[in-house]
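Chain residues, written in single-letter form:
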Amino acid sequence: MLVCGAVFDGISEELGGPAEILVRDGLISEIAHSVNRPDGAEVIDLSERTVTPGFIDTHVHLTMDAATLAAQTLESTATKALKGLSLAREYLSYGFTTLRDLGSMDPEFPTVDLRNALDAGLVQGPRLLVAAHIISSSAGHGDLRGFYASRWDLPVSAIADSTGEIRRLVRREHAYGSDWIKTANAGGYFSTGDDPARPTWFDDEMDALCSTARLLGMPVAVHTGAAQACKQAVRYGARSLEHAYLIDEEGIDMATRGGAYIVPTMQMTQEDLSELQAGTLPCQAVWKFSRDNQEILHSQRLITSSDAKVAFGTDCGMFPFSHGIREFQAMVDAGLSPVRALKAGTSVAAELLGRDDIGVLEPGACADIVAMPGNPVDDIAATAQVDFVMRAGAVHRRPDDERRSP
Ligand SMILES: [Zn+2]
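Residues numbered from 1 in each chain as written. Predicted model: local features only at pLDDT ≥ 70, side-chain atom pairs only at ≥ 80, totals over all residues. Heavy atoms only, no water.

*Asks:* Explain the side chain of His-243 to me, please; I cannot follow it from the model alone.
*Replies:* Within the secondary structure, His-243 sits in strand S12 (residues 240–243). For His-243, a relative accessible area of 3% puts it in the buried group. At 3.3 Å, the side chain of His-243 and the side chain of His-223 are in polar contact. Side-chain polar atoms of His-243 contact the side chain of Thr-265, separated by 2.9 Å. When near neighbours in sequence (up to four residues on either side) are disregarded, His-243 contacts His-59, His-223, Thr-224, Val-263, Pro-264, Thr-265, Met-268 and Asp-315. (Helix = DSSP H or I, 4+ residues; strand = E, 2+ residues; numbered from the N terminus. Buried < 20%, exposed > 50% of the residue type's maximum accessible area, 1.4 Å probe, protein only. Polar contact = N/O pair within 3.5 Å; in protein donor to acceptor, adjacent residues only side chain to side chain. Contact = heavy atoms within 4.5 Å.)

Here it is in structure tokens:
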């Protein structure tokens, strides 16, 4: 049983509490000003803290490390999965109880193996949903060949250039256990040989990908950039637009009306800006990011001033997991209210993932619960001070544990 000072339930516009939460068999069984204390129940005192649903990061890469991308190619699939587990557990300690992994660059399926091990309880960590690979055109964002000399034809990319091949790749993801289909319909900043300001799928290719995913009952997450590409993603039924770097008002409006979620990865833009200033941004990113950075910030402000469904996602893996929690602050700096940022990382992210059992504190929901000193509605920076983490009723961190500094 948890004794809570204040409570953000994932849905309300303001904090409630004080309250007590009774957890039984991994679920919240009761939440009220005062609950019946069963004999022998452990009582955890969070009366000096604000309690919220566990955070959900809908865009991470547990098995991709941008800092060592080329060297990682030499690692085994098992090594990537084990390193990914270590990162997932570290990330859990910041309060992230559910992650959506949006792609590895491995010929096998390390994130699927990791998810299965977590689901089976073989290892402890956050809940994981995965899109195993990034399906892309040749010379698209998912084509990693540009990182290597042309004599190395490495099987690290899921690329296709015909509708039949695209369908085959989507079906392959399904066959080996992906929950989501991830694609890129525009270039990226860190990738080589592409441009975020240009679409990379023709309409019939995007249609082949999305309709095959729909046939198989799989939602589609689209790495996107150019305003035209953002609109293409919405037109063909993407469930989430990742980054949406250069989205315009019309695209935001289409996403809002079409029910697509936007995952604007705003902390990553801040990371890239500081790397640009420090002169440490990789050369393939410099010309693109120098050209576009003000436009990206402009698009982010358009997103935050709209009614779009904004979900929390970071792209951690492209930058350190220890910085992922800063996305809350980046969202507020870009114009989102703290409550909307908190919802983005809880109930709205859960809705994007199609999960009504997480992202909220209510009877029957999973007991994914975090707590922090301070009041995140007054000051979103409190989210970086999480010192209590429970996932499905199991306590992973307590206030008196050694403190991690994000
Ligand atoms: Zn990503």
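*Asks:* Hey, could you run me through the coordination of the zinc ion in this one?
*Replies:* Put simply, a metal with four donors set out as a tetrahedron has ideal angles of 109.5 degrees, and one with six donors set out as an octahedron has ideal angles of 90 or 180 degrees. Those donors, His-59 (NE2), His-61 (NE2) and Asp-315 (OD), are the protein atoms that reach the zinc ion, and they lie 2.1 to 2.2 Å from it. Mapped onto the polypeptide sequence, the residues donating to the zinc ion form the spacing pattern H-x1-H-x253-D. On the basis of relative accessibility, which here comes to 3%, the residue His-61 falls in the buried class. (Donors = N, O, S within 2.8 Å, 3.2 Å for Na, K, Ca; no water.)

*Asks:* It is not clear to me how the sheet that holds strand S5 (residues 55–60) should be interpreted in this structure. Could you clarify?
*Replies:* Either a parallel or an antiparallel arrangement is found when strands of a sheet pair, and the pairing is made through backbone hydrogen bonds. Read across the open sheet, the 3 strands follow the order S5-S6-S7; overall the sheet is parallel. Strands with a single pairing partner mark the edges of an open sheet, and in this sheet they are S5 and strand S7 (127–130). On average, adjacent strands in this sheet sit at an angle of 15° to one another, irrespective of strand direction. Summarising the sheet, S5 and strand S6 (residues 96–101) pair through 4 bridges and their orientation is parallel. Residue pairing for S6: Val-60 is matched across the bridge by Asp-101. In this fold helix H2 (residues 77–92) packs onto S5 and S6, with an angle of close to 140° to the strand it touches most, S6. Sitting on the sheet, helix H3 (residues 110–119) is in contact with S6 and S7, with an inclination near 150° to S7. (Pairing = 2+ DSSP bridges. Axes fitted to C-alpha atoms, helices over the stretch in contact; angles between N-to-C directions.)

*Asks:* Is there a simple way to explain the packing of H2 against H3 in this structure?
*Replies:* Describing two packed helices takes the angle between their axes plus the distance from one axis to the other. For the pair H2 and H3, the least separation of the axes is 9 Å and the interaxial angle reads 50°. In terms of their interaxial angle, H2 and H3 are classed as oblique. Considering the relative orientation of H2 and H3, their crossing is right-handed. Counting all contacts with H2, which are made through Thr-77, Ala-81, Gly-84 and Leu-85, the residues of H3 involved are Pro-110, Leu-114 and Leu-118. Among the residues making up the contact of H2 with H3, the classes are represented as 5 nonpolar, 2 polar and no charged. (Parallel < 35°, antiparallel > 145°, perpendicular 65-115°, else oblique. Left-handed = near helix turned anticlockwise from the far one by under 90°. Nonpolar A, V, L, I, M, F, W, Y, C, P; charged D, E, K, R; others polar.)

*Asks:* Could you clarify how one ought to interpret the nonpolar core in this entry?
*Replies:* The tendency in soluble globular proteins is for nonpolar side chains to be buried side by side. With 83 residues, the main nonpolar core has Leu-209, Leu-241 and Ile-262 as its most contacted residues. Each residue touching Leu-209, except ones within four places of it in the same chain, is listed here: Ile-135, Ile-166, Val-170, Ile-181, Thr-183, Trp-201 and Val-220. Formed by 16 residues, the second largest nonpolar core is a distinct cluster that contains Leu-102, Tyr-261, Val-348 and Cys-366. (Core = buried A, V, L, I, M, F, W, Y, C linked by side-chain atoms within 4.5 Å.)

*Asks:* Would you mind going over the packing of helix H8 (residues 266–278) against helix H9 (residues 283–304) with me for this structure?
*Replies:* One way to put it is that H8 packs onto H9 with a least axis distance of 11 Å and a crossing angle of 145°. Where H8 crosses over H9, the handedness of that crossing is left-handed. For the pair formed by H8 and H9, the contact residues are Met-266, Thr-269, Gln-270, Asp-272, Leu-273 and Leu-276 on the first element and Val-286, Phe-289, Ser-290, Asn-293, Ile-296, Leu-297, Gln-300 and Thr-304 on the second. For the contact of H8 with H9, the residue count by class is 7 nonpolar, 6 polar and 1 charged.

*Asks:* Looking at this model, I keep getting lost on the pairing of strand S10 (residues 181–184). Mind explaining?
*Replies:* A regular strand places its side chains so that they alternate between the two faces of the sheet. Taking every second residue as pointing to the same face, both faces of S10 are buried, with Ile-181 and Thr-183 on one and Lys-182 and Ala-184 on the other. Alignment of strand S8 (residues 134–136) against S10, held across 2 bridges, turns out to be parallel. By the bridge assignment for S10, Ile-134 is matched with Lys-182. Note that S10 and strand S11 (residues 220–224) share 4 bridges and pair parallel. In the sheet register, Ile-181 faces S11, and the bridge partner there is Val-220. In the classification by handedness, the crossover that spans S10, the intervening helix H5 (residues 203–216) and the parallel S11 is right-handed. (Right-handed = clockwise from strand over helix to strand, strands pointing away.)

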